[in-house]
Every structure is written in structure tokens, then in C-alpha cells.
Amino acid sequence: MASGGPLRGTATADRPAEETVLRVDGLSKTYRSRRGDRTANAGIDLEVRAGEILALLGPNGAGKTTLLRQIAGQLLPSAGRITIGGIDIVRHPIPAKEILSVIPQECEPKANLTVEEHVRYFALLKGADPAGIRPYVDALLTRTGLAAERNRLVRELSGGLRRRVLIAVALAAPNLRLLLLDEPTTGVDPEARRAVWQLVDALRAERIAVLLTTHYIEEAEYLADRVAVIDHGRIVAEGSVDAIRQRLDHAGRLEVRGLDHLTPAGRALLDELERRYPVGFRAGNTERLRVADPFSPAASADLARLAALGIVASLGPVSLEDAYLALVGNGRSEEGG
Amino acid sequence: MSPGVGRSVAQFAVVFRMLFKETTRELAIILGFTIVFPVGLLFFLNHLVAPDLRSQVLVGTIMLEMALLNINALAQSIGQDKQTREFDLWVSLPISPVVYVLGTAAVLLPFSIVSALITLAVAVGAFGLAIAWTTVPLLLLGLVLVWGSTMGIGYLIGVFGTSPRQISANAQIIGLILTLFTPVFYPVSALPALLQPVAYLWPLTWGAQTLVAILDGATRTALVGGIALAVYVTIWLVVIARGPRWREA
Ligand SMILES: Nc1ncnc2c1ncn2[C@@H]1O[C@H](COP(=O)(O)OP(=O)(O)OP(=O)(O)O)[C@@H](O)[C@H]1O
Ligand SMILES: [Mg+2]
């Protein structure tokens with residue numbers, strides 16, 4: 001089912017343009033209540049293609065969950081249009097839900113069902129063939145690393161494993177084309193988080209489109225083809241990780257540690273560097289200086305001078321996190337230096 | 001657009017199996033108790049109620065039990081799903097809200113039916129109440145219609161509630177009102193004239209009337225009552241299918 005729209009975004013020479021799975025046009029959402037109205041999404045446009053992963057970053061209350069709940073057909077938009085595989089989710093919810101899955105931000109699976117039962121029943125509701133359900137569920141449990149837990153009741157599982165059950169439930173959808181993940185790895189340990197990343201990454205091969213929200217910038221850096229930053233209900237930046245990084249007016253950063261035990265010579269050197277490189281931020285005994293070109297000989301020489309005085313420092317390109325913080329306004333305190 | 005009826009029936013069967021398994025695992029003891037509880041009623045009935053009214057009051061009480069259990073259980077299940085946010089997961093499935101509601105409500109129906117059968121059997125066998133065995137299938141059909149006619153009440157309490165505690169409290173209050181205003185222990189004509197037409201807006205008034213008519217062999221009254229209950233079931237199905245609060249506004 002082609003959406004028929006123009007293709008933009010990640011289509012590059014080395015990667016053919018894929019069809020658009022999710023399209024969001026002019027989406028706005030205002031929560032109305034007696035205690036006052038609150039606009040959580042304002043004029044959002046987005047597209048996610050088959051086999052593409054888009055990460056949505058934004059501070060608490062930016063409107064990420066609101067956006068995902070509208071796409072999943074749980075919340076009605078105030079204005080705008082959402083199509084999934086060309087199907088309008090507001091007007092034709094059931095066929096659209098046939099091809100989407102979601103992991104809500106906060107959701108407890110049923111305490112008194114086993115892991116296997118969860119996956120099996122939800123798969124059947126999502127249109128899995130009852131005749132072949134056994135091997136289908138077995139494969140899913142293996143793939144999500146839950147095979148050993150298949151007969152355990154959900155109430156006996158740790159929080160991270162419960163989250164993984166929801167991932168398995170979301171993937172238990174034979175016609176899946178769009179996966180919505182609202183903070184999929186919150187509360188998941190670092191090792192298991194990487195396992196989830198691999199799982200999500202592997203969905204590209206099945207040409208599933210993924211829209212995920214996260215507070216772990218690393219997660220976006222690892223997984224996302226494109227990143228959208230949302231703040232106060234608006235998309236304030238969108239593009240590849242590199243493109244977002246390039247929005248900063250500097251390409252590098254010099255991070256200096258151990259500010260609390262500098263020698264007078266070290267202090268003097270740092271004062272000199274701070275006159276040349278603006279201070280990005282200072283927290284505890286660490287500070288970050290903005291460097292226009294981290295690969296320039298001058299920057300390397302400065303790093304060497306710090307090292308010569310025994311000061312722990314590192315020089316490198318700006319991270320997505322630097323760009324993110326600058327975009328969502330926490331960076332404003334940075335601007336002041 | 002709605003999925004085909006066949007698809008919905010298959011989905012209902014899945015939801016029912018899933019929730020039945022879950023509920024029996026969670027509530028095994030209380031469900032066993034629910035089944036035998038109405039038998040205790042027979043002791044009171046034998047002492048407090050005039051002999052010629054006993055079977056009517058018995059059948060009426062079984063009906064109330066079933067209706068209240070249905071309303072409470074449905075409202076509380078929805079409240080629980082909203083609390084755990086599993087409701088969001090259900091809404092994101094390609095199912096009609098009718099499938100979710102019928103599946104959720106149907107879980108306790110077998111227990112209510114078994115309970116009704118046991119109570120009727122004990123009433124007839126041990127207490128010698130006059131209930132003809134031939135009326136039992138019709139009584140069960142009537143009870144299922146009563147179940148369907150109260151489904152929307154549980155759904156609306158559940159989806160409009162904000163917390164499990166509030167939903168539970170609302171279900172209790174509404175259950176109490178239903179009990180008081182349902183002419184199980186008295187005929188509708190005993191109500192003040194003003195309340196009599198209002199009483200006919202309650203599905204349970206029709207339920208009581210239908211079940212008593214089945215006992216009495218009053219075919220025409222039973223049929224009218226059955227149709228009234230079926231109208232309620234239809235209205236609820238239409239209301240639920242339109243999904244108020246299924247998708248949040
Ligand atoms: N049901 C609701 N009624 C009223 N306001 C709401 C409702 N849900 C969310 N909001 C408000 O909408 C805004 C966006 O909330 P949302 O949950 O979408 O943020 P988020 O980006 O997902 O945040 P987080 O990172 O904390 O999960 C917030 O100001 C929030 O208070
Ligand atoms: Mg959120």
C-alpha cells in the first residue's frame with residue numbers, strides 16, 4: 001500500500017528511497033480540561049519510511065508520548081492527519097492497527113499470565129495464523145531472549161524482563177509495518193539494553209518502520225537513521241545524527257577533568273584556554289570547552305599541553321548530546337558560558 | 001470500518017480464553033465462593049418469604065447477583081487495565097471495543113451460570129421449591145439476556161472513571177440503586193406511581209418480570225420482557241461499538 005506521497009529525507013545514493021510507512025501532517029493536540037487547556041503537540045510533520053528508525057528526543061513533557069499515542073490510535077488529534085501505510089488511523093482505525101504495534105511508556109502486562117501466553121494471545125489478536133502459532137511464538141521468544149522464561153508468570157519477573165515481554169508482544173504481529181516504542185529501554189540494564197538495540201536494529205531487514213522515543217542519547221546515536229528533537233510540542237530539529245550535530249557552530253569539544261585539584265600552572269593554562277575556547281558547561285570538577293575544529297594541530301597541541309601538566313583531558317567531535325542540549329534550551333545556560 | 005463478524009468472533013474467543021485463564025488463576029478461591037454463596041440464601045428464603053413467593057424471590061435474587069457481579073467485574077477490570085495502562089495496549093489492537101468488552105464481561109458468566117444452576121438444583125431438591133425443570137433452559141436464556149442488558153452499565157462506569165477506587169465506588173453505588181429499585185422483592189405496582197415508568201427504564205425491571213413470567217408460564221409477558229432485554233443488549237452493543245472513551249479525546 002503506497003502512500004503515494006513524495007519521498008524526501010533519507011533517500012540517498014547508496015540507499016534507495018523506501019516507501020513512506022508513517023506520515024504525520026500538521027498534527028496538533030490540545031488537552032482540554034476545566035483547569036485549563038494545554039497544547040502538547042503543535043503543528044508536527046513527520047515521515048518514517050520502511051526499514052528506517054526515527055528517534056524522537058525531547059525533555060520531559062515535550063509531547064513525545066502524546067504524539068505516539070495519537071499515532072497508535074489511542075488519542076484523537078485536535079488537528080492534522082496521520083496515515084499508516086496510507087491508511088488514516090482516525091478514520092479507519094482497525095485496518096491501520098493491523099499493521100502497527102506499540103509499547104506504551106508505562107504499561108504493566110497482565111500479572112497472572114505467563115510470558116508464552118502473553119505472546120500467543122496477542123499474536124492471535126494481531127492476525128497470526130492459529131495453525132502455525134506454536135512455531136511462531138517459539139521463534140519470537142527465542143528472538144527476544146525470553147525462551148527460558150516462557151512458563152513464568154509475569155508477576156514473578158523483574159521490571160526489565162516485563163519490559164521485554166512487552167517488546168515480544170509488540171513484535172507478535174505478522175503484518176507489522178510500523179513499530180512505536182515509547183522509551184523502550186527505560187529501566188533496562190545496560191547489557192539488556194544493547195540486546196534490545198540489536199533486536200530493533202534487525203527490524204530494518206524486515207522493512208519495518210520504527211519510531212522510538214528515548215532519554216538515552218546514546219540509544220538514538222546507536223540506532224537512529226534520523227533524529228527529531230521535540231520541545232514544547234514542536235519539532236525543533238530533524239535530520240541525521242550528523243546533520244543535527246552540524247547545527248552547532250563548533251565541531252569539537254575539549255573536556256577537562258579534575259578542576260578541583262589544579263596546580264597554579266594548570267589553573268593558568270586553563271584560564272588561557274578559556275579565553276580562546278568558550279566554556280560549554282561546567283559541572284562538578286569537569287568542564288567542556290567548545291572547539292571549532294577538534295582535528296586542528298592547534299587543538300591537539302593544547303591537549304598535549306594539558307597532558308604535560310598531568311591534567312586529565314580529552315578532545316573529540318561534539319556529540320549528539322551537545323547538540324541536543326543546545327537545541328532544547330538547557331544549552332542556553334551554555335551560551336552564557 | 002469494522003472487521004468481519006467472523007473475525008470478531010474469533011478474536012472474542014481469544015480474548016475470552018486469555019482473560020478466563022488470567023481470572024481463574026487470580027481469583028480461584030473467591031470464584032468458588034461466588035458459586036456456592038447463593039445457596040446460603042435458601043435458608044433465609046425458607047423462613048422469611050411467603051411460600052408462594054419463594055421461587056420468584058429466588059430467581060430474582062439470582063438475577064441480581066449475576067447483574068451486580070457483571071457490572072462490578074466489568075467496571076473493575078476496565079479500571080485495572082486503565083491503571084496498568086494495559087488499556088492502551090488493548091486500544092492499539094485491531095479489535096472492536098465490543099470484542100474487548102464482551103470478552104472481559106464473559107469471563108465471569110460461566111461462574112454465574114453454574115452458580116444459578118446449583119442454587120436452583122438445591123432449591124428444588126433440598127428445599128422443595130416449585131420450579132419445573134422444563135423452565136430451566138428458558139431461565140438461563142433470560143439470565144444471559146440480563147447479563148447482556150447490564151454490560152453497558154459496567155462499561156460506562158469503567159471508561160468514564162478515573163481511578164480504580166473511584167470506579168469501584170461508582171459500581172457499588174449504582175449496584176445499590178439497581179438493587180433497591182428493581183422489583184425483585186415486590187411487584188412494580190408497589191412502587192409510587194411516579195417511579196413506575198422510571199422503573200421500566202432499568203433493564204433489571206424487565207429482567208425480573210421476564211424471569212418471573214418464565215416461572216409462571218406466562219409466555220406473552222416473558223416474550224415481551226425478553227424482547228425488551230434484547231433491545232437493551234442491542235443498544236449497548238451499538239453504544240460500545242461507537243467506542244465512547246475507547247479512544248481518548
Ligand atoms: N491526559 C492528559 N491531560 C492533560 N494534559 C496532559 C495529558 N497527558 C499529557 N499531558 C500534558 O501534555 C504535555 C506533554 O506530555 P507527554 O506525556 O506527551 O510528554 P513526554 O514528552 O512524553 O514526556 P516524558 O519524557 O516525561 O515522558 C505535558 O505538559 C503533560 O502535562
Ligand atoms: Mg512520555
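Fair warning: this is a prediction, and the values are worked out from it, not measured in the lab.

The partner chain A presents 37 residues to the 30 residues of chain B that form the contact. Between chain B and chain A the total buried area reaches about 3,200 Å² when both faces are included, carbon and sulfur atoms providing 60% of it. Where chain B packs against chain A, one counts seven salt bridges. A salt bridge links Lys21(B) to Glu117(A), with the nearest nitrogen and oxygen atoms 3.7 Å apart.

This brings us to the domain arrangement of chain A. As a measure of interface size, the accessible area lost when the parts come together is often cited. Domain boundaries assigned for chain A yield domain 1 (1–7 + 17–99 + 177–248), domain 2 (111–174) and domain 3 (252–317). One C-alpha centre belongs to domain 1 of chain A, the other to domain 3 of chain A; they are set 38 Å apart.

Quick look at the coordination of the magnesium ion (ligand 2) now. Residues and elements named next belong to chain A. On the protein side, the magnesium ion (ligand 2) has Thr65 (OG1) and Gln105 (OE1) as donor atoms, found 1.9 to 2.1 Å from it. One end of the pair, Thr65, is in helix H1 (residues 64–71); the other, Gln105, is in the loop between strand E6 (100–103) and helix H3 (115–125), and 40 residues separate them in sequence. Classification of Thr65 by relative accessible area gives partly exposed; the value is 24%. Residue class for Gln105 comes out partly exposed when judged on its relative accessible area of 30%.

Take the packing of helix H1 (residues 5–48) of chain B against helix H5 (residues 109–125) of chain B next. Residues and elements named next belong to chain B. For the pair H1 and H5, interaxial distance at closest approach is 8 Å and the crossing angle is 20°. The angle between the axes of H1 and H5 places the two elements in the roughly parallel class. Every pair of crossing elements has a handedness; the one defined by H1 and H5 is right-handed. For the pair formed by H1 and H5, the contact residues are Phe16, Phe20, Thr24, Leu31, Thr34, Ile35, Pro38, Val39 and Leu42 on the first element and Pro110, Phe111, Val114, Ser115, Ile118, Thr119, Val122 and Ala123 on the second. Taken together, the residues of the contact of H1 with H5 sort by class into 13 nonpolar, four polar and no charged.

The local shell around ligand 1 holds 15 residues, among which Gly61(A), Lys64(A), Thr65(A), Thr66(A) and His215(A) are the closest. The local environment of ligand 1 is shared, drawing residues from chains A and B. A distance of 2.9 Å separates an oxygen atom of ligand 1 from a polar backbone atom of Gly63(A). Between ligand 1 and the protein, one listed contact pairs an oxygen atom with a side-chain N or O atom of Lys64(A) at 2.7 Å. Protein chains bury 67% of the 640 Å² of accessible surface belonging to ligand 1 in isolation. Elements supplying a minimum of two residues to the shell around ligand 1: strand E2 (38–49) and H1 of chain A. Among the elements that line the shell around ligand 1, the one with the most residues is H1(A), at three residues. The residue inventory of the shell around ligand 1, partitioned by class, reads four nonpolar, seven polar and four charged.

Conventions and cut-offs
Numbers given for residues are sequential positions, taken from 1 along each chain in its written order. Written order decides the labels, with chains lettered from A and ligands numbered from 1. Only residues with pLDDT of at least 70 get local features here, since the model is predicted, and only at 80 or more are side-chain atom pairs given and counted; chain-wide, interface and lining totals rely on the full set of residues. Where side-chain values are given, they derive from all heavy atoms of the structure, hydrogens and water being excluded. We call two residues in contact when some of their heavy atoms are within 4.5 Å. Buried surface area refers to the total accessible area, computed with a probe of radius 1.4 Å, that the two partners give up upon joining, counted for both partners together. Salt bridge, as used here: a side-chain nitrogen of Lys or Arg that lies within 4 Å of a carboxyl oxygen of Asp or Glu. How far each domain reaches was decided by an automatic or database domain assignment. Note that water is not among the atoms considered, so a metal site may appear incomplete; the donors listed are N, O and S atoms within 2.8 Å of the metal, with 3.2 Å applied to Na, K and Ca. A run of H or I in DSSP counts as a helix once it spans at least four residues, and a run of E counts as a strand once it spans at least two, with each numbered from the N terminus. Summary of the burial criterion: residues with accessible area below 20% of their type's maximum are buried, those above 50% are exposed, and those between are partly exposed, where the area comes from a 1.4 Å probe applied to protein chains only. Whenever a helix is involved, its axis is fitted only over the stretch in contact; in every case the axis is a line through C-alpha atoms, and angles between N-to-C directions fall within 0 to 180 degrees. Angle categories are assigned with fixed cut-offs, so that under 35 degrees is roughly parallel, over 145 is roughly antiparallel, 65 to 115 is roughly perpendicular, and the rest are oblique. By convention, the crossing between two helices is left-handed when the near helix turns anticlockwise from the far helix through less than a right angle, and right-handed when the turn is clockwise. Under the grouping applied here, Gly and all other residues not named as nonpolar or charged are polar, the nonpolar ones being Ala, Val, Leu, Ile, Met, Phe, Trp, Tyr, Cys and Pro and the charged ones Asp, Glu, Lys and Arg. For each residue, the test is whether any non-hydrogen atom lies within 4 Å of the molecule or strand; if one does, the residue is near. What qualifies as a polar contact is a pair of N or O atoms within 3.5 Å, subject to a donor-acceptor requirement within protein and to the restriction that residues adjacent in sequence count only when both atoms come from side chains. Surface accessibility follows the Shrake-Rupley procedure with a 1.4 Å probe radius. Residue values consider only the protein chains on display as shielding.

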